[in-house]
Amino acid sequence: WLKLVAADRRLGGQSCDIIKMASLAAWQDNIIMLSDSYKVSHYRQYPPGTQYVYSYFESRGCDREGWTEVCFFGLQYFLKRYLTGQVVTREKIDQAAKMYAEHFGDGTSDNPDLFYREGWEYILEKHGGRLPVKIKALPEGTVVPTKTVLITVVNTDPECYWLTNFLETLLVQVWFPMTVCTNSRYQKLSIQKYLEETGCEDWNPPGGAAFKLHDFGFRGVSSVESAAMGGLGHLVNFMGTDTVIALLAAEKFYGAKRAVGFSIPASEHSTITSWGVDGELDAMRNMLDQYPTGLVACVSDSFDVFKACREYWGDALKDKIKGRISETSFGQLVVRPDSGDPEETCVAILKILLEQFADEVTETKTGHKLLPPYIRVIQGDGVDYQSIPKILNRFKEEGIAAANITFGSGGALLQKVNRDTFKIAFKCAEITLEGGEAREVFKDPLTDDGKASKKGRLTLQKASDIASYSPEDVYKPREGVDGVKGGTGFLHFTPDGNYVTVASGRGDPEKDLLVDVFENGKLLKDYKLSEIRKRADVENGPFVNLPEEPEEPEPAPVPQAAIRPTYVTVPFPSQKIMTTAPPGAVRMIPMMNRPSFVAAPQPAAMPQVNRPASFVAAPMAGTQPQAQSMYVPSQIRPVFPMPAQISHPSFVAPAPGRPSFVNPGQPIQAPVYSSQGLQATVRPGVVMTAPGASQPAIMPQRSASLGVGFGMQNVVRVVQAQGS
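(A) Quick peek at the overall build of the protein. A tally of regular secondary structure across the protein gives 19 helices and 29 strands. Burial status across the protein gives 50% buried among its 724 residues. Looking at the protein alone, contacts between residues at least 24 apart form 75% of all its contacts between residues at least 6 apart. Summed over all atoms, the accessible surface of the protein reaches about 33600 Å², with 50% contributed by carbon and sulfur.

(B) Fine view of a nonpolar patch on the surface. Taken together, Ile264, Leu295 and Phe330 make up a surface patch of nonpolar side chains, about 220 Å² in accessible area. In this fold, Phe330 is placed in the loop between α14 (318–322) and β8 (331–336).

(C) Geometry of helix α5 (residues 117–127). Along α5, the positions that sit buried rather than exposed are Gly119, Trp120, Glu121, Ile123 and Leu124. Along its buried surface, α5 packs onto α4 (90–103) and α6 (163–166). Once α5 finishes, Gly128 follows within two positions and takes phi at roughly 65°, a positive value.

(D) Local environment of the environment of Tyr77. Checked against the element boundaries, Tyr77 lands in helix α3 (residues 75–83). Separated by 152 residues in the primary sequence, Tyr77 and Met229 have C-alpha atoms spaced 8.1 Å apart.

(E) Region of the structure containing helix α18 (residues 529–536). Within α18 the residues assigned to the buried category are Leu529, Ser530, Ile532, Arg533 and Ala536. Along the axis of α18, the buried residues cluster in a sector spanning 165°; they form a single face.

(F) Highlighting the nonpolar core. One finds Leu83 and Trp120 to be the most contacted residues of the largest nonpolar core, which totals 147 residues. When residues of this core are assigned to their parent elements, the largest contribution, 9 residues, is made by helix α8 (residues 175–197). Here Trp120 is in contact with Ile31, Ile32, Val88, Ile93, Phe115, Leu131, Trp162, Leu163 and Phe166, once residues within four sequence places are set aside.

(G) Representation of the sheet that holds strand β6 (residues 213–215) in the model. A sheet is described by the order of its strands in space; here 5 strands give the open sequence β6-β12-β11-β8-β7, paired in parallel fashion. Among the strands making up the open sheet, the edge pair consists of β6 and β7 (294–299). Ignoring strand direction, the axes of neighbouring strands in this sheet form an average angle of 30°. Pairing between strand β11 (residues 375–379) and strand β12 (residues 405–409): 3 bridges, direction parallel. Counted as the bridge partner of Gln379 is Phe407 from β12. Along the sheet face, helix α12 (residues 280–290) touches β7 and β8 and points at about 165° away from the line of β7.

(H) Just unusual backbone geometry, in detail. With an omega dihedral of 10°, the bond running from Pro205 to Pro206 counts as a cis peptide bond. Inspection of the secondary structure assignment puts Pro206 in the loop between α8 and β6. In this structure, Asn540 is a non-glycine residue whose phi angle is positive, near 65°. Of note, Asn540 is situated in the loop between α18 and β20 (576–581).

(I) Molecular detail of the packing of aromatic side chains. For the coordinates displayed, the defined rule picks out 20 aromatic pairs. Pairing Tyr77 with Tyr82 gives two aromatic rings, centres 6.3 Å apart and planes at 90°, and the pair type is edge-to-face. We note that Tyr77, like Tyr82, is buried. Relative to Tyr82, the ring of Phe78 has its centre 6.2 Å away and its plane inclined at 25°; by these criteria the two rings are stacked. A residue pair is termed a helical-turn pair when its members lie 3 or 4 positions apart in one helix, as Phe78 and Tyr82 do in helix α3 at 4 residues. The structure contains a cluster of three or more aromatic residues connected by ring pairs, namely Tyr43, Tyr116, Trp120, Trp162 and Phe166. Over the aromatic face of Phe442 sits the side chain of Lys455, whose NZ or CZ is 5.3 Å from the ring centroid. Arg506 extends its terminal NZ or CZ atom over the ring of Phe490, reaching a point 4.0 Å from the ring centre.

(J) The sheet that holds strand β16 (residues 491–493), seen in detail. Here we have 3 strands laid out as an open sheet, ordered β15-β17-β16, and antiparallel in their pairing. Two strands close off the open sheet at either side, each with one partner strand: β15 (459–462) and β16. Neighbour-to-neighbour, the strand axes of this sheet turn through a mean angle of 30°, independent of strand direction. As judged from the 3 bridges shared by β16 and strand β17 (residues 499–502), these two strands associate in the antiparallel manner. Considered in β17, the bridge of Phe493 is made with Val500.

(K) A negative patch on the surface, seen in detail. Residues Asp304, Glu311, Asp315 and Asp319 make up a contiguous surface patch of negative charge. Positionally, Glu311 belongs in helix α13 (residues 305–316). Classification of Glu311 by relative accessible area gives partly exposed; the value is 40%.

(L) Spotlight on the state of the cysteines. Tallying each qualifying case throughout the model produces 0 disulfides. Here Cys181 stays unpaired: no disulfide links it, and the sulfur of Cys71, its closest cysteine neighbor, is 3.6 Å away. With a relative accessible area of 0%, Cys181 lands in the buried category.

Rules used throughout
- Residues numbered from 1 in each chain as written.
- Predicted model: local features only at pLDDT ≥ 70, side-chain atom pairs only at ≥ 80, totals over all residues.
- Heavy atoms only, no water.
- Helix = DSSP H or I, 4+ residues; strand = E, 2+ residues; numbered from the N terminus.
- Buried < 20%, exposed > 50% of the residue type's maximum accessible area, 1.4 Å probe, protein only.
- Contact = heavy atoms within 4.5 Å.
- Areas by Shrake-Rupley, 256 points an atom, 1.4 Å probe, with all protein chains shown as cover.
- Patch = residues over 30% accessible without salt bridge, like charges linked within 9 Å, V, L, I, M, F, W, Y side chains within 5 Å.
- Salt bridge = Lys/Arg side-chain N within 4 Å of Asp/Glu carboxyl O.
- Arc of directions from axis to C-beta.
- Core = buried A, V, L, I, M, F, W, Y, C linked by side-chain atoms within 4.5 Å.
- Pairing = 2+ DSSP bridges.
- Axes fitted to C-alpha atoms, helices over the stretch in contact; angles between N-to-C directions.
- Phe/Tyr/Trp six-rings, centres within 6.5 Å; stacked < 30°, edge-to-face > 60°.
- Lys NZ or Arg CZ within 6 Å of the ring centre and 35° of its normal.
- Lys, Arg positive; Asp, Glu negative; His and termini not counted.
- Charge placed at Lys NZ, Arg CZ, Asp CG, Glu CD.
- Disulfide = S-S within 2.5 Å.

Now the structure itself:
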C-alpha cells in the first residue's frame, strides 16, 4: 500500500481508484495497534530479567446448560490474516508512535513516552518485521471438553518477552468463530437426534442433517468479518448458507477449491407483497413458473400463512407443485412461514400440508408421516438452539417426521453469542528469568474460583496416556480463604475422564495433542476445511464419508531444451510482428529488455485486439515450431497512467495450458515503477471482441504484475483504429 502511495506521488498526485481502495483496506492491518491500549505499557511491568512469557487460551466452561464441549475453530484465519510474514514495517511503527502519543496525551499535548518504539524497531531490524513467537494449538475441528488448554503462546526471542500477551487481544477473538461453530454443532446434534428418532434413513447429502440448518445471519452480525468467520464456523457443520462472504473466507483461508455452501432461489416479502393482497396467488404461481426445476423457497405468511398452505399451495397450485418431479427433472417447493410462535406455527402448517397432499404422504420406519419429496417447509423465524429441539420434539409427539422441515437461523446463530458464552480466557502460566529460572504464574481470586488459572507449561493429553499417578497429583482447587492459592496437583482431568491438561511442565511433549501451528512469522500448519469438517462431524453426519478434495497435480517437468524459445523484436509501432516458440515453452530467459503483455489468439483469427502489444500463438502440443502473425491496434487510451514501456511490445509464447513468465534483463525505466521489473503471466483466456473487430480474440484473464495486478477491462479502453 505504501509503495503504491509513493508511486502515486511520483505521478504528481494523480490518484487512481486502486490506490484509494488499497488505502481503505489497509487501515486495520497495523499489528502494533491491534491490541488494547493498556498493553502498550506492559513491557515495563514484568519482573526485572524476564526473558520469556508463556500464556494459554482456554474455555473455562459454558453459560448454557448441558454444553460441556467446544469445537475448536478459527485460529488459522487470524494467523494468516494478521500474523504471517512481515507484519512490522517502519511505516507502521511511525503510524503507531504518532497515534499512541496522541492517544495517551491529555488532548492538548502528546505523550510519546509510553509507546515501546525500541521493541518494535528491534523486531523490524532483528527479525525482518516477523513476530518472534511460537504458537501451539489443538487441530481445528477437534471437539474437546471445556476447561482444557486450546492454544499456547510463547516468545522465541528473550528481548520480546512483552510480545506474548500483547497478542492476547487479537488471539482471543478466536472465541467468535469457535463459539459460532460450537453453537451450530450443538444444533446439529439436536437435529440429528430427532431425525433418527422419527425414522430418517437417508444420511448422505443432501439427506440427513447436511442442509437442515441454513445460515441467514449476514445482516444480523456486527461486521463483514464477523459474517465471514461466523458463517464459516457454521459451514464446519452444515452445507446451507446465504452468507456468501463465508464462501470466500473458506477459499482464501481454509483451502477450499470451490463453494463449500449452497443456496437456492427464494422470495422475500417485498417480491410477494408487491403483487398486492389480491395478487398473492399470482406471485406464488410466478415463483413456480420462474424456477420450474430444482428447489425454490417462497415466503408464505405475508397475509395468512394457513390460507396460503391450504388454498394456494395445497389446492390452486397443487398440480403445478406435484409436476415438479418427472422422469427427467426434480423440483421441490419449500414453504416458509416467518412469524408467530415457531412451535405452534410449524406444527399447524405441517398438519395442513400433510392433509392437502395426503395421497402421496408416506410413513417412515418409526411411523412418522413424511411429505412427498416435491414439498418441504423451512422455519426461519425464532430459530435457535432452544427452539429447534422444542419444535422437533413436538413433531415427534404429533407423528410428524423431522425430515419434513429445515431451519434458517440468523442473529441467534452468528450474533447471539459472546466471549462469556464459553468463558474464554487467555492467561500467563509461566515466565522465565535470566539464568533460565522458570516461575509459575497463575491467578486464583478469592471472589471467583471459576477464574482460577492453570500453572506452568501445559500439555493436553488423552487421559489414557497417564499411566500412573497419585491422588495428590490430581488438581484440587483452593479451599476457602486459607487454602493453597492456585490449588494443589497438576493433572486437570475433564469431567468425562477422557482428557487431561497436564500443568507445571509435567506433561509428555510427545503425547501432546497441541501441535505447532506458527513460529517466527511462518505458518506451520495449513488446515483444509474438508479435514476440519470430518474432525468435527457427528455420527451419521454429512462429512463422515465424503472423499477428500483431490490435490492439484504438480506440473510435469519440462526438459531444459524445451524452454529456450527463439524470438525476434520489432520496434513499436509495428503493424505485424513475427515470433516463433517451440512446443512446451514455459519460461523466457531474461534477455528481453522490453517484455510486455501476452495473449494467444486463435491461430486462424487476426482481429484487432485491445492491447498495445504483439500477440503470437504458441504451437499446439505435438506440432513443430511455427511463426504466427498478429496485428497491433493503432490507438489505445489508458484509463489511468501506465509505465511508458507498456507501449513497447516485443514478446509472447505460452504453450497451451502453461504459464509464461517474462522478466526484463534491465530495470524498466518507467515513471511509476522505475525500480521494479515487469512480469507478465499468461493464463487461460476468455473470449473478448474489440470494437471494430470482426472476430473474437482469446485474451488473458489477468495481465502483468506491476506491483499490483491489473484486470484487462480496468486498464485499457479501445478506441476504434483508424484504417487497418
